[in-house]
Amino acid sequence: MIREHGYTHWDGQLRERRFPWWPITRLNLKLAFRKKHFRPVYALSFLPAFFFIVAIYISERIEDFRFMMRGGRLILFEVNPSFFKNYLAGDFLFFMLVLIMVFAGAGLVADDFRFNALPLYFSRPLRKKDYLLGKAAVIAFFVLTLTVFPAIIFIIFKLLFSGSFVFLRNYPWISLSIIGYSLFLTLFFCFYTLFLSCLSRNSRYVSVIIFAVYLFSDFLYVFLYNWFRQPLLALISIKLNLQQIASFAFGVKAAQPFSWIWSFLVICAFCGVAGYFIIRKIRAVEVIR
Amino acid sequence: MSLTVQNLHFSYGPIKALDDVSLSLEGGAAGLLGPNGAGKTTLIKILLGFLRPQKGEGRVLGYDIRSEQKKLRRLIGYMPEDDCFLPGMDAVTFTAFFGELAGMPKQEAMKRAHEVLFYVGLGEARYRLLDTYSAGMRQRLKLAQALVHDPKLLFLDEPTSNLDPQGRVEVLELIKDLANGKGIQILLSSHILSDIEMVCEDVVILNRGKVVAQGKIKDLKRMNFRLYELKIKGEREKWLDKLSQLGCLAEVTEDGLVKLYLPGEVEPKEIFKVAYQTGIQIRHFRQSQSSLEDFFAQVVGVD
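Residues numbered from 1 in each chain as written. Chains lettered and ligands numbered in written order. Predicted model: local features only at pLDDT ≥ 70, side-chain atom pairs only at ≥ 80, totals over all residues. Heavy atoms only, no water.

Q: Even after reading the chapter, I still don't get the overall build of chain B, so can you show me in this structure?
A: Counting its regular elements, chain B contains eleven helices and 14 strands. Within chain B, the proportion of its 303 residues that are buried is 57%. The contacts of chain B with a sequence gap of at least 6 include a subset with a gap of at least 24, amounting to 67%. Split by element, the accessible area of chain B, about 12900 Å² in all, is 47% carbon and sulfur. (Helix = DSSP H or I, 4+ residues; strand = E, 2+ residues; numbered from the N terminus. Buried < 20%, exposed > 50% of the residue type's maximum accessible area, 1.4 Å probe, protein only. Contact = heavy atoms within 4.5 Å. Areas by Shrake-Rupley, 256 points an atom, 1.4 Å probe, with all protein chains shown as cover.)

Shown next as structure tokens:
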């Protein structure tokens, strides 16, 4: 006899959750923060935000920092839509977001495949969309804490340091741009990570793929551009597409000489294909025909 | 009635997994018995709503298996056949998590997780990482997660697979305890006859996607056949042919013992008559005690 205690019934009432996906998100966030190297990587991701706050401070105390300026103006210290675009579509931020996806996103679905956990989830009153929302919310948390959250802090600091609302009067739409672009970025990373996490049962392979696809798309662009000199080849690069869309969102001149719509369509098409694949792949049973 | 299905059909492409399955089970513990590939797991997956039957209908605990899966799953506990867990977690967090997903409040789920882990014998190991659990411990953990929300009906799919004899007995004892007066109905799927015999009162036997028998085990054992063990001398093929024409089923063991299943209408003296006609000497003749295994062999086939 192995029982240490007898069986007792639970006298509570099972309730219908308003957000059935929330326990999945909470658990996966907890598991992500428990990972050995994740916390330093996540903390390091806030480094650009810190520098940008310093830049806001300097922009308001520009007279005290004249010695740093040679000749003309220091563009970085001018807080305008371009400042936000530089932060939200910066190479370093994208790189850190990809790194976070490697640590916190790779195993989201892959581990459930590997350890046959899907039947356990779906034997609960949970729909496929609840499961996917729960997983996507983990990614959304990390992306939003590195995009919307610092960007809003920038605005608050700008207002505090300047002591006036001139900035908001000049750019009343800036908050919407920040939120809109951050949400777009979040959506992209959700599809990107969940799609790649569905590709393999081994989260290590998925980590490599997440990293490799992002870098490879950029390398491929550079390689082909040097050969063909065709600006439209930028559509291959994930980074350049996101930056192109950011230029539109913040009303800044785009780096590439083609409409942002093309980049938007490329990213949307990718998300569409990824979404279709994810939905087909997530099921409670492996049906072998 | 806790579980009824009618005319269920399900195919994986060209392979028929369930073919016109109809069954009805009352409370208590029932066994779903059948050889590998008989359709047991497919049936459980249909009852849980994981698979949609191509034809047929069914109700579990009064809920329609096609349209009321969400309500149904709140009342069901499921222990899958495969080894399944979430890496990097301890047993309490794991069990409480699935309690929460079932609709339990967080605190209650945690409290209940402790209780069920003690019940299944993992009390001392409840804070250990699941990655370090043995096969037997993982099996008990699967049972704990199925029990955490105090289900009314428990689907256990091959609960003793991959277990050593001691672990098997321990898990079966737990299931037997749950089946006795705890108010939990159990559907135990297994290809191991003794597991079903130990725990269940009722049994449904599936073979090649069809229900070949169902009822109380004790009644089925007394069914309309008798089992005889014989040792013979002579050319047995002709003798066996004639007996099979009478509706008898025969199984020849490695040591030459012939196990003969006689239908109710065939008298034992027919065996001697046929032996006389075919020139066979009967050297040993004994009526054997029929077990579920014998019945299973008869309905599933003794090939």
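Q: Looking at this structure, I do not really get the overall build of chain A. What am I missing?
A: A tally of regular secondary structure across chain A gives 14 helices and zero strands. Its helices and strands taken in sequence order, chain A reads α-α-α-α-α-α-α-α-α-α-α-α-α-α from the N to the C terminus. Out of the 289 residues in chain A, the part that is buried amounts to 50%. Of the contacts formed within chain A by residues at least 6 apart in sequence, a portion of 75% connects residues at least 24 apart. Within chain A, one finds 32 positive and 13 negative side-chain charges whose respective centroids are separated by 5 Å. (Lys, Arg positive; Asp, Glu negative; His and termini not counted. Charge placed at Lys NZ, Arg CZ, Asp CG, Glu CD.)

Q: Looking at this structure, how should I read the side chain of E158 of chain B?
A: Position of E158 of chain B among the secondary structure elements: in the loop between β7 (153–157) and α6 (165–179). Residues contacting E158 of chain B, with those up to four places away along its chain left out, are K40, E81, Q139, S189, S190 and H191 of chain B.

Q: What exactly am I supposed to notice about the sheet that holds strand β10 (residues 210–216) of chain B here?
A: Residues and elements named next belong to chain B. Across the sheet, six strands lie side by side as β6-β7-β8-β3-β9-β10; this open sheet has mixed pairing. The open sheet terminates on both sides in strands that have one partner only, identified here as β6 (76–79) and β10. On average, adjacent strands in this sheet sit at an angle of 15° to one another, irrespective of strand direction. Direction of pairing for strand β3 (residues 29–33) relative to strand β9 (residues 202–207): parallel, over a ladder of four bridges. Residue pairing in the sheet places L33 in a bridge with I205 of β9. Contacts between helix α5 (residues 135–147) and the sheet are confined to β6 and β7, with β6 contributing the most and set at about 165° to the helix. Its contacts with the sheet put α6 on β3, β7 and β8 (185–190), and the angle it makes with β8 is roughly 150°. (Pairing = 2+ DSSP bridges. Axes fitted to C-alpha atoms, helices over the stretch in contact; angles between N-to-C directions.)

Q: Just to check I follow, could you spell out the sheet that holds strand β4 (residues 55–60) of chain B for this structure?
A: In sheet architecture, strand pairing relies on hydrogen bonds along the backbone and comes in two forms, parallel and antiparallel. Residues and elements named next belong to chain B. Across the sheet, four strands lie side by side as β2-β1-β4-β5; this open sheet has antiparallel pairing. Strand pairing shows two members of the sheet lacking a second neighbour, β2 (15–25) and β5 (63–64), which therefore form its edges. As defined by bridge partners, strand β1 (residues 3–12) adjoins β2 across eight bridges and the pair is classed as antiparallel. Bridge pairing links L8 to V21 in β2. Packed onto the sheet, helix α1 (residues 40–48) meets β1, β2 and β4 and runs at close to 115° relative to β1.

Q: Looking at this model, I keep getting lost on the interface of chain A and chain B. Mind explaining?
A: Interfaces are frequently sized by the accessible area removed from exposure as the parts join. Listed per partner, the contact involves 42 residues of chain A and 56 residues of chain B. Between chain A and chain B lies a buried interface of about 4700 Å² when both sides are counted; carbon and sulfur atoms form 61% of it. At the junction of chain A with chain B, the criterion picks out four salt bridges. Between R74 of chain B and E16 of chain A there is a salt bridge whose closest N-O contact spans 3.7 Å. Here chain A is connected to chain B by 21 residue pairs in polar contact (both at pLDDT 80 or more). (Buried area = accessible area lost by both parts, 1.4 Å probe. Salt bridge = Lys/Arg side-chain N within 4 Å of Asp/Glu carboxyl O. Polar contact = N/O pair within 3.5 Å; in protein donor to acceptor, adjacent residues only side chain to side chain.)

Q: Help me understand the pairing of β10 of chain B, please; the structure alone is not making it clear to me.
A: If a strand is regular, its side chains alternate between the two faces of the sheet. Here β9 of chain B runs beside β10 of chain B; their pairing, made up of six bridges, is antiparallel. Looking at the pairing, V203 of chain B lines up with G215 of chain B of β10 of chain B.

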